[in-house]
Structures are given as C-alpha cells and as structure tokens.
Amino acid sequence: MTNNRTIFKKIIDGEIPAKLVYDDEMCLAFHDVSPQAPVHVLLIPKKVIRNLDGLSADDRDLMGHMLSIVPLLAQKLGLSEGYRLVANCGANGGQSVDHLHFHILGGRQLNWPPG
Ligand code: 5GP
C-alpha cells in the first residue's frame, strides 16, 4: 500500500508538511495549498476513506465528530460572518484528491450556485 497513498494520507503520516489548524485522534484540518477564498481549510478523517461514497455505517461516529468540529474551526478561523462547507465527490463533483475531505471556505461573500 505504498503506491496508491494519496497526498492527504502523506500529510496524515507527516511525510508532507501542511499548515495545521486542528489535530486530534480522528481528524486533521489544514490550510489548502491553493486557497479559493481568504480562508480555505480542509478537514479530513485520519481513516482512509475515498469520498462520501466510501462511507459506511461504521463511520457514523467519525462523521458526527467531524461535523461537530466545523463550528469550532469556523470560530477559530474568524468566520463570524458565515462560511461554506463543501465535499466534492467523484469526477462530476470535481474531486481531485481521493481521500474524503471537507472544504471550509470563508472570509468573503461566496456565490451561489457554484460553477
Ligand atoms: P478536491 O478538488 O478534491 O475537492 O480538493 C482537493 C484540494 O486539495 C484542492 O483544493 C487542492 O488545492 C488541495 N491540495 C492538493 N494538494 C495539496 C497539498 O499538498 N497540500 C494542501 N494543503 N492542499 C492540497
């Protein structure tokens, strides 16, 4: 299992540096290397899950835990005016890294609908 490890798995394993904003036993949050807004943070599970379609009932506690952290991160990141949580899934969803991740975007007015 060395060849198909994603860039995010390498960040989890400490092989690639990232600007961390949160770290616990289940998940990690760090700044996106190519920010699409003044604040652009990625929240990822440490467990290897390819995307939303890779979730199972076993992951309920993990997902509940991660969602409960989002408002804490938003507060820490100064997003008192609001923010957006995004999970791109699969080719049509625009997913480019095959490890489940939530984008937390904020710091400006975000448009809707997304492209
Ligand atoms: P996706 O397009 O899969 O929804 O999001 C993947 C995100 O990961 C992109 O926003 C991209 O900029 C970010 N990304 C890709 N490689 C790296 C990296 O090595 N470090 C960090 N911090 N972000 C990355």
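Residues numbered from 1 in each chain as written. Predicted model: local features only at pLDDT ≥ 70, side-chain atom pairs only at ≥ 80, totals over all residues. Heavy atoms only, no water.

This part covers the site of the ligand. The ligand sits among 16 residues. The nearest are Asp32, Asn88, Ser96, His101 and His103. Measuring from a nitrogen atom of the ligand, one finds a backbone N or O atom of histidine 31 at 2.9 Å. Within the backbone of glycine 94, an N or O atom sits 3.2 Å from an oxygen atom of the ligand. Listed by contribution, the elements that provide at least two residues to the shell around the ligand are α1 (7-12) and β2 (27-31). No other element matches the 3 residues that α1 contributes to the shell around the ligand. Residues belonging to the shell around the ligand are distributed by class as follows: 7 nonpolar, 8 polar and 1 charged. (Near = heavy atom within 4 Å. Polar contact = N/O pair within 3.5 Å; in protein donor to acceptor, adjacent residues only side chain to side chain. Helix = DSSP H or I, 4+ residues; strand = E, 2+ residues; numbered from the N terminus. Nonpolar A, V, L, I, M, F, W, Y, C, P; charged D, E, K, R; others polar.)

Let's shift gears to the sheet that holds strand β3 (residues 39-45). Here we have 5 strands laid out as an open sheet, ordered β1-β2-β3-β5-β4, and antiparallel in their pairing. Each edge of the sheet is formed by a strand with only one pairing partner; in this case those strands are β1 (20-23) and β4 (83-86). Across the sheet, the mean angle separating the axes of adjacent strands is 15 degrees when strand polarity is ignored. Where β4 lies against strand β5 (residues 102-106), 4 bridges are found, and the strand directions are antiparallel. Following the sheet pairing, arginine 84 is matched in β5 by leucine 105. Most of the contacts of helix α2 (residues 60-76) go to β3, to which it runs at about 160 degrees, and overall it touches β1, β2, β3, β4 and β5. (Pairing = 2+ DSSP bridges. Axes fitted to C-alpha atoms, helices over the stretch in contact; angles between N-to-C directions. Contact = heavy atoms within 4.5 Å.)

This brings us to the side chain of arginine 5. Following the sequence through the fold, arginine 5 ends up in the segment before α1. Engagement of the side chain of arginine 5 in a polar contact is seen with the side chain of aspartate 13, the distance being 2.9 Å. A distance of 2.6 Å separates a polar atom in the side chain of arginine 5 from a polar atom in the side chain of glutamate 15. Leave out the neighbours within four places in its chain, and arginine 5 touches Lys10, Asp13 and Glu15.

Attention now goes to α2. Here α2 contains 17 residues, and its C-alpha end-to-end distance of 25 Å stays within 8% of the 24 Å for a straight helix at 1.5 Å per residue. The principal kink in α2, of about 25 degrees, is found at valine 70, preceding the proline proline 71 by one to four residues. Three or more residues of α2 are buried, namely Leu62, Met63, Met66, Ile69, Val70, Leu73 and Ala74. On the buried face of α2, the contacting elements are β1, β2, β3, β4 and β5. Phi for glycine 78, located one or two positions after α2, is positive at around 80 degrees. (Expected span 1.5 Å × (residues − 1). Bend = angle between axes of the 7 residues up to and from the residue. Buried < 20%, exposed > 50% of the residue type's maximum accessible area, 1.4 Å probe, protein only.)

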